2 protein chains.
Amino acid sequence: MSKKLFGLIAVSLVFVLVGSAQKIMGFTDANAAKQLEWEKQFDAQLNPKNQDTWMQFLTSHPHHVGSPQGKLNAEYIAGLLRSWGYQTEITNYYVLFPTPKFRQLELLGAKPYKAKLEESTLSADKTSGQKTEQLPSYNAYSADGDVTAELVFVNRGIPADYEELEKMGVSVKGKIVIAKYGGSWRGIKPKVAAEHGAIGCLIYSDPADDGYGIGDTYPEGGYRPKDGVQRGSVMDMPVYPGDPLTPNIGATKDAKRLAIKDAPTIMKIPVLPISWEDALPLLQSLKGEVVPAKWRGGLPFTYHVGPSVDKVHLNLAFNWDIKPLYNVIAKMPGSELPDEWVIAGNHHDGWVNGAEDPISGMVAELEEARAIGELVKKGFRPRRTIIFCAWDGEEPSLLGSTEWAEDHQEELKQKVVAYINTDGNGRGFVGAGGSHILEPFFNEIIEQVIDPETGVSVRERKYAQTVVTADKAGREKIAGDKNMKLEALGAGSDWGGFLQYLGITSINIGFGGESQGDQYHSIYDSYDHFTKFMDPGFQYGITLSKTTGRTMLRLANADVLPFDFNSFYKTVADYVTEIKKLLDDARAETEQENKMIKDKLYDLAKDPTKSIQSPKPKDEVPFINFSSLENALVQLKKKAEEFQQQYNNGTGLPAEKQKELNEILYKAERSLINDKGLPRRPWYKHQIYAPGYYTGYGVKTLPGIREAIEQRNWKEAQDNIEIVSKTMDAYIAEIEKAKAIIEKKAF
Amino acid sequence: MSKKLFGLIAVSLVFVLVGSAQKIMGFTDANAAKQLEWEKQFDAQLNPKNQDTWMQFLTSHPHHVGSPQGKLNAEYIAGLLRSWGYQTEITNYYVLFPTPKFRQLELLGAKPYKAKLEESTLSADKTSGQKTEQLPSYNAYSADGDVTAELVFVNRGIPADYEELEKMGVSVKGKIVIAKYGGSWRGIKPKVAAEHGAIGCLIYSDPADDGYGIGDTYPEGGYRPKDGVQRGSVMDMPVYPGDPLTPNIGATKDAKRLAIKDAPTIMKIPVLPISWEDALPLLQSLKGEVVPAKWRGGLPFTYHVGPSVDKVHLNLAFNWDIKPLYNVIAKMPGSELPDEWVIAGNHHDGWVNGAEDPISGMVAELEEARAIGELVKKGFRPRRTIIFCAWDGEEPSLLGSTEWAEDHQEELKQKVVAYINTDGNGRGFVGAGGSHILEPFFNEIIEQVIDPETGVSVRERKYAQTVVTADKAGREKIAGDKNMKLEALGAGSDWGGFLQYLGITSINIGFGGESQGDQYHSIYDSYDHFTKFMDPGFQYGITLSKTTGRTMLRLANADVLPFDFNSFYKTVADYVTEIKKLLDDARAETEQENKMIKDKLYDLAKDPTKSIQSPKPKDEVPFINFSSLENALVQLKKKAEEFQQQYNNGTGLPAEKQKELNEILYKAERSLINDKGLPRRPWYKHQIYAPGYYTGYGVKTLPGIREAIEQRNWKEAQDNIEIVSKTMDAYIAEIEKAKAIIEKKAF
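Since the model is a prediction, treat every value here as computed from it, not as a measurement.

K.L.:
Any chance you could explain the domain arrangement of chain A here in plain terms?
P.N.:
All names here are of chain A. If you check the domain split of chain A, you get domain 1 (37-94 + 322-451 + 515-557), domain 2 (97-321) and domain 3 (565-746). On a C-alpha basis, the centroid separation for the pair domain 1 and domain 3 is 31 Å. Between domain 1 and domain 3, the contact holds ten residues from the first and nine residues from the second. Of all elements in the fold, only β11 (337-347), β13 (416-421) and α12 (439-446) reach the threshold of two or more residues within the side of domain 1 that touches domain 3.

Shown next, in the form of structure tokens:
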């Protein structure tokens, strides 16, 4: 071959290589090619049979906090991770975890009824009969209490429902309330009830929401049967999650603890979750007005608001014990940047046998960890440290993850690049929420993971579902844009300590939407149920491993961390628009409503034979000065665009400069933290995302401002605009620092 | 008193009188004052005890077509009207009215069930036990038939539901369908089922719509109990109402009749209405997919689409008898214009004891007639002839009114100024629908009738309710405008022959919205039920008498008929805007949907474990030429405004000219009639209002155009635009004639 010819071929080859080279955000082309090759090998390792085997063991007995199986599971998980080459330890914390000593619920009077408070053993479900090991149905952190009173139905038990009750002239003062599950995190229901003077709270699963109204019930179908109960925590988690006795510090053996009576997150009244079978006689005892149409459930009778004539007797007592937690922490040290940590976490504790919640996510994490272990055997070395965590005590209120985050807060703030959370998983469509700087990065990943049912990318399938289920306006808004928007994160799983307390860039990932039933927090969330109705064959367990595996591996190996400030800007700008609209709408609605009250329209429209009260006028909504925030947004937009335009140059920086750049990038989210925290809940420090004070799981974005407006606290809203503006300024300064590093290289 | 002083006083008096004189549309000030004085005396006559007494008699036994009590009621009503000074006759027609000979419904297979098909006797309801006199629960004009087949649930049984079924891969061919009541007139359900190949149809009352889902059931509350059944006609009334054997002619004894087999409005398959108690075992036998969320009802199990594995056996046979009708026609001849007729009508036949439907409206009409009789005794003389009608056979399909209208069509076209319909009435808010030229006139009346519960005008109260129940957008649209918009009239009561066949200006008036339950077409629609739950004390019966009384008296006495062409223009212009939007939306949606199909989004979004079919592409929606209609609207607006500006001058015309003017005014609506009728249903001749071919009661405005677009028949839509434009031209010509008469006077 002549030199000339060779040269031509070489040029062609380069051209072909460059032309076909798949880019990955944050990688040089050469490193991208290597990375993709490792990912191919990673995928090849994944085997659904492993997930099946592990789930069988991990769900074989109830594995709640403090149970023998819970400890066994931690040891089993640790053993697996250790066997795959991870530096693995079990870290213990000691937390307040109340369990039932005594539970009694009865309807008194002419048609007395004693609630069964028990889920039946089913022959079709082989673990459902483990009665002596199961946690009875209860709400953790309910108060002890023995109360007898009339019953009032409060719909979902959220503040808006109490406004309706007031219109109907019904007070819950001194009463026991009964609320439907749904419409808020469960802990909001007793909290709001207690704020309105109720002395007890029952929460039941209405079949319209969670049972035969949706689909056939277990074991014929997958949905909640008549005696199925949703357990769960009612700790006041929107104030702080984790051990109620040790806010801000790790609940180590000798930690300084609050007295139980002083712990602000323990519920003030007794609360009990019940099945619809137990709720039915109680609901049927209610007199008073028929409920508003939107309050109706799926039971076959006419729902009334109450109060009941016959009284309800609720008697609950708990063992207020300190229980040990077993967090499994498994490290694969980084070859180049051992002090930059990429952490994945999924909890391992369940309320009972917990197959979907949490083991379906746990076994996907394990299979991911195993596959990475296999890659390492083949010579793969992550540049950054990879850490896999299996948290204990998520169910009672993110105990294990929160205590670990509080305990190691300084080190974590220093080292953690990102936290990737998973939890229950099922068949269907990809879903994700998290820090919006991750949005383009995550979209790149889901474009490359193939959906097992359709053969297209999970992103493509998600897009199809989003368009098909959207209404006309929604479709017009989507307008062919296949970008999957990340949800904002409130509460709901173990990211709280990382994202909202420490300001660590976080993402939560899972699949779902095609599961044929749900046994959330019931004894029936079992291996038998999961493998029949939720993800037969663990196809989506494997798809989750592929998705989170890429997320971990790319974050661990990226030359420049794949963060995008434009996405953050766009998202926050949308939030600001929303909030301004919220205020403007509140102003217009208040004006309109006050005029309607003044014009006596409510008085004239109401049925005089009913005890309906017309609403009372509200204070007028002032105009608020958003200018500092708006000015900050202008700067944020400018700086974010400037940075992202030069982002790709970062991969060419010398190693030391690149390290400096990456440190600024992954610490940028820390500047979204305000050390004073949010009003009335200093633990929550992130200024962009928080669980709602009156919604619980439901996120509130720009929470300091948004909740002040919702609570009609105009001064607090104005104060928080200034706080958020300053937070933005600090964040912009970080972007400028990052940009400066790249620019110095460029010239 | 000096002449001079007297003159001054006289001037002052005139000033005071003119200043304080209440205006009424169509009256000179002097005549308005007299009219208002008579109305005051009219109100003073009204006594709720009369309504109570008459209702007790009229509901004492079942009074359906052909029943002994039906005949007795006609004679009783005629006797009352005669005693109050009316020239009263009972006119007979002879109509096909099938009644059950045999009814059998059973579920075969492993869990057999024989339907009860009977409403229980209740001790709290004194007429509920009249078993030998009651018409059994059935759908009149169902076909005879003995069919056995699998069952399919079709939701409401309207065309859109069959599109959903197709997506689910379910066919009703050769099957029996079961549909929920509601969402359309009942006759649409078997018609559409038969079009799709079903061989039988069951219709049941789901408790979510009509039973415990809304309120407590009878007799504790007013709502439909578990075995309550809604009887009713399933004649194909959107083709033509009235006797199926004598379309277009009166069903006199010797009228030429179609053979039953040739009557196009008789249903082609057997149909039976059932209670939810009888429906439950059938619905529970259904297999196949779970129904879409919007299809769910209120029964306590998971609704499936079917088909069932076990078959259903439906066997129905009817006595196809000719029965006599007894229409009561009572005239009070006009003193000045005896050949101008103002007609009021309410039917007297019920399905069983029929207290609310129709006797509550009938007794209000009687009390109105009695009070006018009393005024006549005091010297009152209506200028025009007043006619009170009590129709027989409304329930089977507007038989009595339609046959009378067909029989007297030439005379009615010549003489009738307006037709005022009433039917069932209850506690609550005024409601009215009709020819839009009556809108300002009717608003003037409801401003002057006082609501018995609040002491404000019924218009004021209606406004309050409209605003309070509107959403934000609705409130902004209302924007303080207290005008009560008249609904457009489809089918539903006895105006059909007058409005849609003859082009007679019509209005239907009633109160409702605060009734505490409904026993529509059941044995429980009784005196006991009505007086406890629907209008205790007949307060709204009296309010209805006041409202219709003013309507009658003012139409009878007006100097110039109180019609407003501006209201007609505005309403029709809104309809045209709606229809253009309908077409544009259909075009955009078709384009969007076809693209989604082409992009395989439906294929990708669906659950591959289910038998879901992706939709098929639809033909593209063309642009259509609306210009002739738009040009006509411009003219209509101009001419209507010009006429209304001079309207008040009409009261000053000489008697002969005024008569000429009035005749043009009341015959203007005739020009909205097209003698060829609507496509595929020549009986319906009105070009602005018709019952929907696939909705039944539900009105379709500009039906020729609108339904063609809905059926995607673009050529027919274009053709009907031209037809409606010509109709508009003819209408405009009438307005011009009316204007010319006033103008000649003015100059």
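K.L.:
What is the right way to read the interface of chain B and chain A from this model?
P.N.:
Interface size is commonly expressed as the accessible area that is lost once the parts come together. Residue-level contacts link 32 residues of chain B with 32 residues of chain A. At the level of secondary structure, the elements contributing two or more residues to the side of chain B that touches chain A comprise α13 (458-469), α18 (565-598) and α19 (601-605) of chain B. When residues in the side of chain B that touches chain A are grouped by element, the largest group, six residues, is from α13(B). In the side of chain B that touches chain A, the residues fall into 16 nonpolar, eight polar and eight charged.

K.L.:
For this particular structure, what's the right way to read the sheet that holds strand β9 (residues 271-274) of chain A?
P.N.:
In a beta sheet, neighbouring strands pair by backbone hydrogen bonds and run either parallel or antiparallel. Residue and element names in this part refer to chain A. As summarised here, the arrangement of the four strands in space is β5-β6-β7-β9, forming an open sheet in which the pairing is parallel. Of all strands in the sheet, those with a lone pairing partner are β5 (151-153) and β9, marking the two edges. Across the sheet, the mean angle from the axis of one strand to that of its neighbour is 25°, orientation sign disregarded. Pairing analysis gives three bridges linking β5 to strand β6 (residues 176-180), with the strands arranged parallel. Bridge pairing in β6 links F153 to I178. Along the sheet, helix α6 (residues 188-195) contacts β6, β7 (200-204) and β9; its crossing angle with β7, the most-contacted strand, is approximately 150°. Where helix α7 (residues 276-284) meets the sheet, it contacts β5, β6, β7 and β9, and its direction lies at approximately 130° from that of β6.

K.L.:
In this structure, what is going on with the pairing of strand β10 (residues 312-332) of chain A? I would like to understand it.
P.N.:
The two faces of a sheet get side chains in turn, since along a regular strand they alternate between them. All names here are of chain A. Strand direction decides the pairing type here: strand β1 (residues 87-107) and β10, joined by 20 bridges, are antiparallel. By the bridge assignment, T99 is partnered in β10 with N319. Across five bridges, the pairing between strand β4 (residues 145-149) and β10 is antiparallel. The residue of β10 that forms the bridge with A149 is V312. Note: β10 against strand β12 (residues 384-391), five bridges, orientation antiparallel. Residue pairing across strands places K331 opposite I387, the latter belonging to β12.

About the thresholds
- Residues numbered from 1 in each chain as written.
- Chains lettered and ligands numbered in written order.
- Predicted model: local features only at pLDDT ≥ 70, side-chain atom pairs only at ≥ 80, totals over all residues.
- Domains from an automatic or database assignment.
- Contact = placed C-beta atoms within 7 Å.
- Helix = DSSP H or I, 4+ residues; strand = E, 2+ residues; numbered from the N terminus.
- Nonpolar A, V, L, I, M, F, W, Y, C, P; charged D, E, K, R; others polar.
- Pairing = 2+ DSSP bridges.
- Axes fitted to C-alpha atoms, helices over the stretch in contact; angles between N-to-C directions.

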